[in-house]
Amino acid sequence: MATLGGLACVAGWFSSAAGSGSEEVDFNRDIRPLFSENCFACHGPDAAKREANLRLDTAAGATRTLADGTAAVKPGRPEESLLMARIDSADPDEVMPPPDTGKTLSATQRETLRRWIGEGARYEAHWAFRTIEDAEPPTVGGPALSDIDRFLLAALEARGLTWSEPASRRQLIRRATFDLTGLPPEWEEVEAFLEDPRPDAEAFAAVVDGLLESPAYGERWGRHWLDLARYADTHGGGATGVTRFPFSYTYRDYVIAAFNADLPYDRFLLEQLAADQLKLEETDPALAALGFLTVGYQHRNRHDRIDDQIDVISRGLLGLTVSCARCHDHKFDPIPTSDYYALHATLASSRPPTDLPLVGEPEVDAGYQAELAKRKRLRDDIVREQGEVMRGRLRMQTGLYLRELAKGVPEQDTSTSFLSYRTDDLRPVVLERWRRYLAARDENDAVFGPWHRLANLPDEEDFASRCREMVEALTGENGDPEKFAAEHLLATRPPKWNPRVLDALEATRPKSMVEAADVYGEVFAAAHRQWMTSRLEASLEAAPDGSVVPDQDPKHRVVNSAIERQLRHHLYDPASPTAISFEDDRTHLKMLNRGVRDAVRSTLKSIDGLNLTATAPPRAMALREAGDAPGAFVFLRGNPVARGERVAPRFLTALAGEEAPAFPNGRRRLGLARSIVDPANPLTRRVIVNWVWQHHFGSGLVRTADDFGTRGDPPTHPELLDYLAARFLEDGWSLKSLHRRLMLSVAYRQGAMENPAAREEDPGNTLLWRMPVRRLELEAMRDSMLRVSGELGPDAKRGGRPFEETDDRAVPRRSVYGFVNRDVIARMTATFDGADPSACTMKRPETTVPQQTLFALNSDFVQDRAKALAARPEIRSGTGEERVRRLYELVFSRSPDAEETELALAYVAEAGTPEAGWERFAHVLLASNEFHFLD
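Residues numbered from 1 in each chain as written. Predicted model: local features only at pLDDT ≥ 70, side-chain atom pairs only at ≥ 80, totals over all residues. Heavy atoms only, no water.

(A) A look at the overall build of the protein. Helices and strands together make up the secondary structure of the protein, namely 42 helices and six strands. Considered along the principal axes of its C-alpha atoms, the protein spans approximately 115 × 85 × 45 Å. Expressed as a percentage of its 935 residues, the buried residues of the protein come to 52%. Put simply, 69% of the contacts in the protein that link residues at least 6 apart link residues at least 24 apart. Of the roughly 41,000 Å² that the protein leaves accessible, carbon and sulfur atoms contribute 51%. (Helix = DSSP H or I, 4+ residues; strand = E, 2+ residues; numbered from the N terminus. Buried < 20%, exposed > 50% of the residue type's maximum accessible area, 1.4 Å probe, protein only. Contact = heavy atoms within 4.5 Å. Areas by Shrake-Rupley, 256 points an atom, 1.4 Å probe, with all protein chains shown as cover.)

This is how it looks when you write it as structure tokens:
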């Protein structure tokens, strides 16, 4: 048994059906969750962490015959399977799970595993990676049921259950209105629905259609999407203060508009990942969709920013935790590190442009335009001038960088910026540019050929003599110096080997590569100095008091010299390591000396400050992709300077196959987007229909909405999930059509009554024998209080820059337009389970804590809304009974009964003054469970 010394614990979840022996054991349902939870960490996809060379996530790995003829799993022969022997062993050194884990397997659990092996140990592809199968709905129920209902009812009846009684029309319109708009229904809308003579289903369909056409629908579902997109208005991680995005709101407005327009979901994703590659007009509003990638947490390390983008794409759109493969192969899912870095390569070549494009055709304020031009001019002048100064310094410091390379300094991580630089500091970015540049040269290069020949010497004991021999040989190859003596003539052809380099090596006779680097440094410094001096002298010839000198005159020897030009090529060519652009790439600004860098940053901040003003027209937080991106590699253990195998920008192999084609340069993100929305991809549609289902029914058909992998929960109704995914494609990726399908079902229209017998049979309500009671989310709660108090009217301002709310001032706008601070989470957000704006949130946490009740009872916000509610004209007028009735209609969307009216009037009378009494009573209603929960 020592062969399986590393066998992971085999313990965990088994379905009751499998344990009872009533049906065949199913691998995906009964065995995979067990292996994933307890075994795959040591015996799964991650080859680096795999113990005992045993792999249990594949049939080939589990059934592999070992050297002694045994196997962990022998299909059909559990008595000969080492897996069962280890599980059944009484030896504490052999038994699995090991005693120190505190876990043991019950007899039923061991028997289920034994049955699976006895039945042939059949493996199946994980359900999420299988092709979507359009299953036929079960033939249950009557003609009034939808296909969705038939799937649900079949599962209910198999457990002896059925739905609850239908919800009342009053309950239904309140539920639907909050679901689709995040606001309570107007009383007139409730009355119209209650009095509608049409059958319930037909009347409710009209209500749903009307709600989907409301602009409030996009605000409600746009807010849901912003959770997923980790939307915020600040960068995050500010060490010395909060830095705002001037134009984050344009992404938020794009999302809301897209939902209201029912933009097909596949197009919605294409625009968010690659709008700039869809051949749109320069100012097309859809460019704002790229905020999906750019509005995330602004990590200082660029690789962390890319990781954030990979995470939001993979979890939010595909339901996979791809970021787990950043440092090693995924421990549970078939996602190797090469897949992670294929996505990294897809995104790494894209950066925001220096100047963001306008959104649409806004009217641009003349004063703003003039001030912007002034600030940009200052920025560009400083960057241009200081960039030229920096490039000159880098050329003079060539020897510094060559010396470091000669010393064998390891590759530097250039992804993290340093706090500051001085003139004489070595810049890691430049060092790595020189490393790559030299690697691209060979022994035949006129200038660096001698460098490579010296670097290839086996040792340095006779370095000086070997160097002298090499110089003599190369000088001989150059031939007679008289052939290139007329250096002042432009047409002169250069020699094979640069004489300046050979002469310097001969004169200095270096004893090591470090000394040779110093020689090269002196040669290049002299070449740069002579070039600058010669340019100045040539320029002075054109001065008003200058003397004109013919271009071919010997005085222009340095300018015209082919030998000097050989050297200058390596300093001034656009591919030179010193030819760094500060104008087109902001990331290089960090290399400037601290004082200069701070001055440049101040100009950038001044432009951002101007763009934060109300006069600034909207701009898209866009991206631009380089068409000549360098080769990409796996970063071993996530270290960018420890490179493994080369990777191409491509899609995940689990979805596209081992031979997944590379995305084309310049359109990598578009290739990724098309792979994601490809109808053949089984994950994208499953994930989105599950996400929509979750927001209507409280939980998804897959409870782990952002993890469809082996560690996630399997779907409660797999056939229904695929049926919805198939219909979603048929409906042209329409989210509004999906809403209609779900909301017009009998399951959605049932009541929320508790049923003890059903609760005992299905404690988690996974079969939907009742509609779950749900608490209003933070935004719906706030907006509803403002709506019923009369402060948030239907004509409230939509879109535009975010508003900031203080404890003593409520802004009459919907919460989705509020300022989202990633650096300092608002108290209300923390108290009421708001989304974390620093990470993709597919499902908000749900907590019940005392602070929530205390807020409802004591906060100024709720008390002020109660005062405004009591002060509404329709509340202040009329008899006491009429005032109570109107309050109930506004707050609860229903009329009070006689007992409630009597109690309300008595409570108001006890307050001392009528005004205080009605304000206190309004506060009671706003703090009540009936207001905060939906049934």
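(B) Seen up close, the pattern of salt bridges. Across all of its chains, the model carries 70 salt bridges by this definition. Notably, a salt bridge pairs Asp-88 with Arg-114, separated by 2.4 Å at the nearest N-O pair. Residue Asp-88 is located in helix H5 (residues 82-88), and its partner Arg-114 is located in helix H6 (residues 107-118); the two are separated by 26 residues in the primary sequence. Since its relative accessible area comes to 37%, Asp-88 is described here as partly exposed. The residue Asp-196 makes a salt bridge to Arg-198 at a minimum N-O spacing of 2.8 Å. In this structure Arg-198 comes out as partly exposed when scored by relative accessible area, which is 34%. Ionic contacts of the salt-bridge type, sharing partners, join the residues Glu-219, Arg-782, Asp-783, Arg-798, Glu-805 and Arg-814 into one network. (Salt bridge = Lys/Arg side-chain N within 4 Å of Asp/Glu carboxyl O.)

(C) Broad picture of the side chain of Arg-844. Following the sequence through the fold, Arg-844 ends up in the loop between helix H35 (827-831) and helix H36 (850-858). Classification of Arg-844 by relative accessible area gives buried; the value is 15%. Separated by 2.6 Å, the side chains of Arg-844 and Asp-227 make a polar contact. Looking at Arg-844, its side chain comes within polar contact range of the side chain of Glu-779, at 2.9 Å. Not counting chain neighbours up to four residues away, the residues in contact with Arg-844 comprise Arg-223, Asp-227, Glu-777, Leu-778, Glu-779, Asp-833, Gly-834 and Ala-835. (Polar contact = N/O pair within 3.5 Å; in protein donor to acceptor, adjacent residues only side chain to side chain.)

(D) Main features of the packing of helix H23 (residues 513-540) against helix H25 (residues 562-572). Taken N-terminus to C-terminus, the directions of H23 and H25 make an angle of 95°; their axes are 10 Å apart at the nearest point. Our classification of the angle between H23 and H25 gives roughly perpendicular. Contact with H23, carried on its side by Val-523, Phe-524, Ala-527, His-528, Gln-530 and Trp-531, involves Glu-564, Leu-567, Arg-568, His-570, Leu-571 and Tyr-572 of H25 and no other residues of that element. For the contact of H23 with H25, the class distribution of residues is seven nonpolar, three polar and two charged. (Axes fitted to C-alpha atoms, helices over the stretch in contact; angles between N-to-C directions. Parallel < 35°, antiparallel > 145°, perpendicular 65-115°, else oblique. Nonpolar A, V, L, I, M, F, W, Y, C, P; charged D, E, K, R; others polar.)

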